[in-house]
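Listed below are the residues making up each chain.
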Amino acid sequence: IEVARLMHDRAGGRCDRGQLAALLGYNGVKNGGFLTRMSAAKMFGLLEETGSGITLTERAKKILHPVRPAEAEHAKLEAFMDVELFAKVFNDFHDHTLPASDGLTNLFLTQYKIVPKQVSLALRNLMESAESAGLFKVAGNRSKLIPPIIRDDGRVAPQPAPAAAEAPIGHRDEEPVPDVRGRRN
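Residues numbered from 1 in each chain as written. Predicted model: local features only at pLDDT ≥ 70, side-chain atom pairs only at ≥ 80, totals over all residues. Heavy atoms only, no water.

**Q** Is there a simple way to think about the overall build of the protein in this case?
**A** Broken down by element type, the protein carries eight helices and three strands. Counted from the first residue to the last, the protein has its helices and strands arranged as α-β-α-α-β-β-α-α-α-α-α. Counting only residues that meet the buried cut, the protein has 33% of its 185 residues in that class. Across the protein, contacts joining residues at least 24 apart in sequence account for 41% of those joining residues at least 6 apart. (Helix = DSSP H or I, 4+ residues; strand = E, 2+ residues; numbered from the N terminus. Buried < 20%, exposed > 50% of the residue type's maximum accessible area, 1.4 Å probe, protein only. Contact = heavy atoms within 4.5 Å.)

Right, here's the structure in full:
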């Protein structure tokens, strides 16, 4: 989103590769960092490149300047799901607890075939992108990927209630113990 926001704010949503590289602080269009950031913005469906240059997509415009908040939320979720790896993880763990860090690392190495040097970056990008897409809001933590509640009426979706504390074992079904004055507590 950062690349799209910068391109919108400083170039009006349209520029060429050289201009975008300069806006992002890179010396040229062949710089690895520039190519990575541009590729990621395209992968999320935020930029389009044509013969005449680079423009923001409708998705990017909805995220940056939504008419209703729900538009931005929908667009962020769509952007997350457009990344093949992220969609695979979502489909494999939707509504289920994510494995611990070591388990996710092993999953990325063995099942998703991510090269060892890229696993930590891929995991960080997954978690940050899931957070941005609202996939941790319902659970209230980073343990499950659950689609956010998106209200189309412009109101804020309710936040998850904190987990209720359970009574100590052995006291759940017992009658309240009377206090010294004969009342039950």
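Don't stop here, the text continues.
**Q** How should the confidence of the model for the protein be read in this particular structure?
**A** Note that predicted coordinates carrying low pLDDT should not be read in detail. Residues of the protein with pLDDT of at least 70 account for 82%, and the chain-wide mean is 84. The least confident element of the protein, judged by mean pLDDT, is strand β2 (residues 47-50) at 92; the most confident is helix α4 (residues 58-64) at 96. Segment residues 161-185 is flagged for pLDDT under 50; beyond a separation of four residues in sequence, or across chains, it makes 11 contacts in the model. (pLDDT = per-residue confidence, 0-100.)

**Q** What exactly am I supposed to notice about the packing of aromatic side chains here?
**A** When we look at a pair of aromatic rings, we describe it by the centre distance and by the angle of the planes. Overall, the coordinates contain four aromatic pairs when judged by the stated rule. Both rings, one in Phe44 and one in Phe86, keep their centres 6.1 Å apart while their planes meet at 45°; by these two values the pair is tilted. Taken as a pair, Phe44 in the loop between α3 (32-43) and β2 and Phe86 in helix α6 (residues 84-93) lie far apart in primary sequence, 42 residues in all. Each member of the pair, Phe44 together with Phe86, is buried. Seen from their ring centres, Phe108 and Tyr112 are 5.5 Å apart, and the 75° between their planes marks the pair as edge-to-face. Here Phe108 and Tyr112 have matching classes, each one buried. Connected via pairs of aromatic rings, a cluster forms that spans Phe44, Phe80 and Phe86. (Phe/Tyr/Trp six-rings, centres within 6.5 Å; stacked < 30°, edge-to-face > 60°.)

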